[in-house]
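What follows is each chain in one-letter form.
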Amino acid sequence: MPKTMINGHSIFYCEQGTGKLLMILPGNTASSACHQQELTYFSKNFHVVAIDPWGTGQSDRRTDWTLDWWAQMGRDAISLAVHLGEKKVILMGTSGGAAAALIAASAFPNNVEAVIADSVCPYAQPDRLRREVDN
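Here the structure is a predicted model, which is why all the values come from computation and not from measurement. (Residues numbered from 1 in each chain as written. Predicted model: local features only at pLDDT ≥ 70, side-chain atom pairs only at ≥ 80, totals over all residues. Heavy atoms only, no water.)

Please explain helix α2 (residues 69-83) as it appears in this structure.
Helix length check: α2 (15 residues) gives 20 Å between terminal C-alpha atoms against 21 Å at 1.5 Å per residue, within 8%. Within the sequence span of α2, burial applies to Trp69, Ala71, Gln72, Met73, Gly74, Asp76, Ala77, Ile78, Leu80 and Ala81. At the C-terminal side of α2, Gly85 shows a positive phi close to 85 degrees. (Helix = DSSP H or I, 4+ residues; strand = E, 2+ residues; numbered from the N terminus. Expected span 1.5 Å × (residues − 1). Buried < 20%, exposed > 50% of the residue type's maximum accessible area, 1.4 Å probe, protein only.)

Honestly, helix α3 (residues 96-107) in this entry has me stumped. Any pointers?
At 3.6 residues per turn, the α-helix brings residues three or four places apart onto the same side. In this model α3 runs 16 Å from its N-terminal to its C-terminal C-alpha over twelve residues, within 8% of the 16 Å that 1.5 Å per residue would give. Burial in α3 covers these residues: Gly96, Gly97, Ala98, Ala99, Ala100, Ala101 and Ala104. Of the surrounding elements, those touching the buried residues of α3 are β3 (21-25), α2, β5 (89-94) and β6 (112-118). (Contact = heavy atoms within 4.5 Å.)

How should the pattern of salt bridges be read in this particular structure?
Between side chains of opposite charge, pairing is possible as soon as their charged atoms come close. For the coordinates displayed, the defined rule picks out three salt bridges. Of the charged contacts, one joins Glu113 and Lys20 as a salt bridge, the two residues approaching to 2.7 Å between their closest N and O atoms. With Glu113 in strand β6 and Lys20 in the loop between β2 (9-16) and β3, this pair connects stretches of sequence that are 93 residues apart. Judged by its relative accessible area of 40%, Glu113 falls in the partly exposed class. Exposure remark for Lys20: the relative accessible area of 48% places this residue in the partly exposed category. The salt bridge involving Asp68 is made with Arg75; its shortest N-O contact spans 3.5 Å. Given the relative accessible area of 37%, Asp68 is considered partly exposed. (Salt bridge = Lys/Arg side-chain N within 4 Å of Asp/Glu carboxyl O.)

Now the structure itself:
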């Protein structure tokens, strides 16, 4: 399975299929290992990529979990799409991965074709996020 340097850290990803790029962003601290069935299922119609966000799975470890972790995952997803030679990506995320997908779509509207967001809260106070990240 491939790894590549994205934004100064090594990101691991699995890929399968051909067609439009569909990138799966796992939930908070989860990895691509949680999405093998989706990878197989959606690869019938898409070029599917499931990433291990920075700090999870087989990607580089992190020494801290900053409040911009979701934004970082979104930036990494767009950078990985560009690395794979794609100008547009469909982002599918669960929980924190959904938040990252929405942030990426907002920050990079020319690169995100669509977002599929599952199990994401509409807004969380920064102090609540800090408590959850610290636990």
